[in-house]
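# Breakdown of the fold
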Amino acid sequence: MKIGITNDHAAIELKKSIAGYLRDKGYEIVNYGTNKPEAFDYPIAAKALCKGIKDGEVELGIAICGTGVGISMACNKHKGIRACCCSEATSAKLSRQHNNANVICFGARIVSNELANDIVDAFINTPFSQGERHINRINMLKEIEDEQ
Ligand code: RB5
């Protein structure tokens, strides 16, 4: 599976840690974030990843800023993106099962490297349940997008 990862200036070290962790497991990782300490605004980091997903370059995305909040807000502005900001693995798992989330977000100032790995594992290894009620609700999200 090809996975995209993006980050602002607050999350360079955590991004590198997760990318290394996933590469060691055999995943192909595409970096859409910054590696420079200068300020890099999270909406720009989010936009690059979301384009990668919409263009089919990567299947799933990981987006990290200081808290995970700003970058998740930015990702969710993009049509077809369902981003989940969470700080534990259960929400990450259920965001795939119930919401078919395609981007997981968290904060480098909030979670440790080890917890981030657990969150990412839960996210990547859980398929969408394909349940009819969940499909209906995701279609309702699409309707909201189309109404904008
Ligand atoms: C950057 O200092 C910080 O505001 C950003 O990484 C993020 O936490 C915003 O939500």
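The structure under discussion appears in the preceding block.
Residues numbered from 1 in each chain as written. Predicted model: local features only at pLDDT ≥ 70, side-chain atom pairs only at ≥ 80, totals over all residues. Heavy atoms only, no water.

A few words now on the packing of helix 4 (residues 89-97) against helix 5 (residues 113-124). Viewed as axis vectors pointing N to C, helix 4 and helix 5 meet at an angle of 20 degrees, and their least axial separation amounts to 8 Å. Compared by their axis directions, helix 4 and helix 5 come out roughly parallel. Relative to helix 5, helix 4 is oriented so that their crossing is right-handed. Residues A89, A92, K93, S95 and R96 of helix 4 form the contact with helix 5, whose own contacting residues are D118, I119, A122 and F123. Among the residues forming the contact of helix 4 with helix 5, the class breakdown is five nonpolar, one polar and three charged. (Axes fitted to C-alpha atoms, helices over the stretch in contact; angles between N-to-C directions. Helix = DSSP H or I, 4+ residues; strand = E, 2+ residues; numbered from the N terminus. Parallel < 35°, antiparallel > 145°, perpendicular 65-115°, else oblique. Left-handed = near helix turned anticlockwise from the far one by under 90°. Contact = heavy atoms within 4.5 Å. Nonpolar A, V, L, I, M, F, W, Y, C, P; charged D, E, K, R; others polar.)

Below, the discussion takes up helix 4. Among all positions of helix 4, only A92, S95 and R96 are buried. Looking straight down helix 4, one finds its buried side chains confined to an arc of 95 degrees; they lie on one side. The N-cap of helix 4, judged by a side-chain oxygen 3.1 Å from the amide nitrogen of T90 a few residues on, is E88. (Buried < 20%, exposed > 50% of the residue type's maximum accessible area, 1.4 Å probe, protein only. Arc of directions from axis to C-beta. Polar contact = N/O pair within 3.5 Å; in protein donor to acceptor, adjacent residues only side chain to side chain.)

Strand order in the open sheet formed by five strands is 2-1-3-5-4, with parallel pairing between adjacent strands. Taken across any chain shown, the strands that pair with only one partner, and hence form the sheet edges, are strand 2 (28-31) and strand 4 (83-85). Here the strands of the sheet are splayed against their neighbours by 25 degrees on average, with no regard to which way each runs. Examined bridge by bridge, strand 1 (residues 2-7) and strand 2 share four bridges and lie parallel to one another. Along strand 2, the bridge assignment pairs I3 with I29. In this fold helix 1 (residues 12-24) packs onto strand 1, strand 2, strand 3 (60-65) and strand 5 (103-107), with an angle of close to 170 degrees to the strand it touches most, strand 1. (Pairing = 2+ DSSP bridges.)

Considering the arrangement of structural elements, one finds N7 in strand 1. The class for N7 is buried, based on a relative accessible area of 0%. Each C-alpha atom, one on N7 and one on N31, is 8.7 Å from the other, the two residues being 24 residues apart in sequence. Sequence-distant contacts of N7, that is, excluding residues within four places in its chain, are made with I12, K15, N31, G33, T34, F40, A45, I64 and I71. Reaching out from N7, the side chain makes a polar contact with the side chain of K15 at a distance of 2.6 Å. Engagement of the side chain of N7 in a polar contact is seen with the backbone oxygen of T34, the distance being 2.8 Å.

Further remarks concern the site of the ligand. Every residue near the ligand is listed here: D8, H9, A10, Y42, C65, G66, T67, G70 and R109. Contact distances for the ligand include 2.5 Å between an oxygen atom and a side-chain N or O atom of D8. Taking T67, its main chain carries an N or O atom lying 3.0 Å from an oxygen atom of the ligand. Protein burial of the ligand: of its 290 Å² of free accessible surface, 72% is covered by the chains. Split by residue class, the shell around the ligand holds three nonpolar, four polar and two charged. (Near = heavy atom within 4 Å. Areas by Shrake-Rupley, 256 points an atom, 1.4 Å probe, with all protein chains shown as cover.)

What follows deals with the side chain of T6. For T6, the position within the fold is in strand 1. Among the polar contacts made by the side chain of T6, one reaches the main-chain carbonyl oxygen of A45 at a distance of 2.8 Å. When near neighbours in sequence (up to four residues on either side) are disregarded, T6 contacts Y32, G33, A45, A46, L49, I62, A63, I64 and I71.

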